[in-house]
Amino acid sequence: MAALAVVTPSLTPGVLDWQRAFELLLWGTTALFAGTALAWLVLTYVVGANYESPDPVHDGDDIQVRILTVDAANVVQATVDSLPATLDDVHVIAEADVDVDGADVHVVPDEFDCTAVRKGRAIEWVRRHLACDREFVLYLDEDSHVESFDGLPDADVVQLREQPRHTGSTLSYLADIYRMGVQIEQRAFARLSIPLFAWGGGIAVRQSVEDEVTWDRETLVEDTAFVWAAAKRLDDFTFELATATCRNEAPPSLTEITQQRRRWAAGNIEAATELPLGYQLLTRIRNYAWALSPIVTLVVVPLSLLGIGVAGGGVCSCSRPSRWGCSRCSGTSVAFATTEWTTSSGRWPSRWPPRHRRPLDGYRRGHPRPARGVPRYTDTRRMPGPSGPG
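Residues numbered from 1 in each chain as written. Predicted model: local features only at pLDDT ≥ 70, side-chain atom pairs only at ≥ 80, totals over all residues. Heavy atoms only, no water.

Participant: So what's going on with a negative patch on the surface? Which residues, and what values?
Facilitator: A surface patch of negative charge is lined by Asp81, Asp97, Asp99 and Asp101. Positionally, Asp101 belongs in the loop between β2 (90-94) and β3 (104-107). You can call Asp101 exposed: its relative accessible area is 54%. (Patch = residues over 30% accessible without salt bridge, like charges linked within 9 Å, V, L, I, M, F, W, Y side chains within 5 Å. Areas by Shrake-Rupley, 256 points an atom, 1.4 Å probe, with all protein chains shown as cover. Salt bridge = Lys/Arg side-chain N within 4 Å of Asp/Glu carboxyl O. Lys, Arg positive; Asp, Glu negative; His and termini not counted. Charge placed at Lys NZ, Arg CZ, Asp CG, Glu CD. Helix = DSSP H or I, 4+ residues; strand = E, 2+ residues; numbered from the N terminus. Buried < 20%, exposed > 50% of the residue type's maximum accessible area, 1.4 Å probe, protein only.)

Participant: How would you sum up unusual backbone geometry? Please name residues and give values.
Facilitator: At Arg118, a position not held by glycine, the phi torsion is positive, near 55°. Checked against the element boundaries, Arg118 lands in helix α4 (residues 118-129). Even without glycine at this site, Thr214 takes up a positive phi of about 65°. As for its position among the elements, Thr214 is in the loop between α6 (207-213) and α7 (222-233).

Participant: Give a detailed account of the layout of surface pockets, specifying residues and quantitative values.
Facilitator: Roughly 1,200 Å³ of volume is contained in the largest pocket. Around the largest pocket, the lining is made up of 40 residues, and of these Lys119, Asp141, Gln260, Arg263 and Trp264 lie nearest the centre. Mapped onto the lining of the largest pocket, the elements with two or more residues apiece are α4, α5 (170-182), α7, β8 (239-249) and α8 (254-271). At 6 residues, the largest contribution of residues to the lining of the largest pocket is made by α8. Here the lining of the largest pocket is built from residues that sort into 16 nonpolar, 10 polar and 14 charged. (1 Å grid on protein atoms, 1.4 Å probe; cavity = no way out; pocket = protein on both sides within 12 Å on 5 of 7 lines; lining within 4 Å. Points joined across faces, edges and corners; volume = space filled by probe spheres on them. Nonpolar A, V, L, I, M, F, W, Y, C, P; charged D, E, K, R; others polar.)

Participant: Outline the sheet that holds strand β1 (residues 63-68), supporting the account with residue identities and numerical values.
Facilitator: Reading across the sheet, the 8 strands line up as β3-β2-β1-β4-β7-β6-β8-β5 and stay open at both edges, with mixed pairing between neighbours. Across the chains shown, the open sheet's two edge strands, defined by having one partner strand only, are β3 and β5 (145-148). Direction aside, neighbouring strands of the sheet carry axes that sit 30° apart on average. Here 3 bridges tie strand β6 (residues 157-165) to strand β7 (residues 202-206), and the two strands are oriented antiparallel to one another. In the sheet register, Val157 faces β7, and the bridge partner there is Val205. (Pairing = 2+ DSSP bridges. Axes fitted to C-alpha atoms, helices over the stretch in contact; angles between N-to-C directions.)

Participant: So what's going on with the nonpolar core? Residues and values would help.
Facilitator: The biggest cluster of nonpolar side chains holds 44 residues, and the ones touching the most others in it are Tyr139, Val157, Leu196, Phe226, Val227 and Phe237. Contributing elements (two or more residues each) for this core: α4, β4 (136-141), β7, α6, α7 and α8. The residues touching Tyr139, leaving out its near neighbours within four places in the chain, are Arg66, Leu68, Ile123, Val126, Gly200, Gly201, Gly202, Ile203, Glu210 and Trp215. The next biggest cluster of nonpolar side chains, apart from the first, holds 27 residues, and it includes Leu138, Ala155, Leu160 and Ala244. (Core = buried A, V, L, I, M, F, W, Y, C linked by side-chain atoms within 4.5 Å. Contact = heavy atoms within 4.5 Å.)

Below is the structure:
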C-alpha cells in the first residue's frame, strides 16, 4: 500500500489528484462505517437491550443434522467429529460421492432441476428427497465445527453463534473478526418483524416451516432469503439466537474474502427488493460496510504501521494533529509523507520532549534538505531573541 501510494502519482502526473482521491476514499469509507456503527449501536443496545437467548427445550432427539459440501471429505470429517454425541442423525449433502465416517452421504444428482442455484439447489433437493421425522433440521457448512451445544430454543428459525478460525491469511482473519464481532446485533433480530440477515453456516429450521417456505428461489444468499420469505409468509414467525457456537474457517486470502463479500452484497441487495423501504436502506448500508471490510483492512493496517493518519485538512504523517486538523503537514500527500518517513532516521532527537518534535518548515515545503552538519529540527526554546529564551 505504501509503495503504491509512492509510485502511482509519479506514473500519472496531472491525470488525477491522487491526494484528493485518497482523502475521498478514506472519508467516504469513514462516513459509511460511521453510519453502520450508529445503526449497530441502536440495534444492539436499544432494540436488543437485555436480550438473553431462551433456554433450550429441544435436544438431539429432535434434530436432524445436514452438512453441505461439494467434495471436501477431510473437511467434512472434522466437522462430523466435532458434533456432540446427542446429535446422532447426521447427513452429508455433497455434489460428488465422498467417504465420511459417522454420517450418511447423499449426492445431489446432476439432472435435478429447480429454481434455486448453487448451495440453495442442494438444500432444496435434500428437502424434497430426504425424509425427516424430527422437529428441526440443523444446517451446517462443511467447516462449521460445533464447539458448544446444549440444545435449541423453541422458534421457527434458530441462529447459531459464529466464531472464526485462523487458517491462512491474517488480514482475512482480521476482516472476519470484524464481521463476526458486528454480528452480536443478532440479539435484536428476535424483536424485529424481519431479521436483517441469517448465517447459513449454522442455522436450525423447524421442519414444518421449511416445507411451507421451501428453498426454491434464485438467489446467492439462500439463508437470508429463506428467513425473509418465512418472516413475510408466516403471521407468527419467530426467530431466536441460540447459545450454541460454531467455529468456521476464515477465507484463505483477501482475494477469496473479497469475492465472498461481493457475492453476499450482490445477493442481499437483489433479495432485499422485496423488503419494506426502511429495511432495504439499512440492508444496503450494512452490506456495503461488509463488502468494504477487507479494503479497510488493507488501507488502515499499512498506514498505521507507517504512522500515517487522517487529519482535518488531509492526509497526515504526524503524531500530533491539532484539534481542527494538522497545522504542520496539512495537505501533504501520502506519497510525500511516506517518502519523508522512509528517508529520515525514523527517530526524533532524544533531547527534545515530544511536544517539540517539529521539522523545519522550509524542508516541509519542499526546499532542499539542510546541508550536512546543519540541524534538521529546530528547538525554539534554545533560540536567542524573541522566539526563544534569553
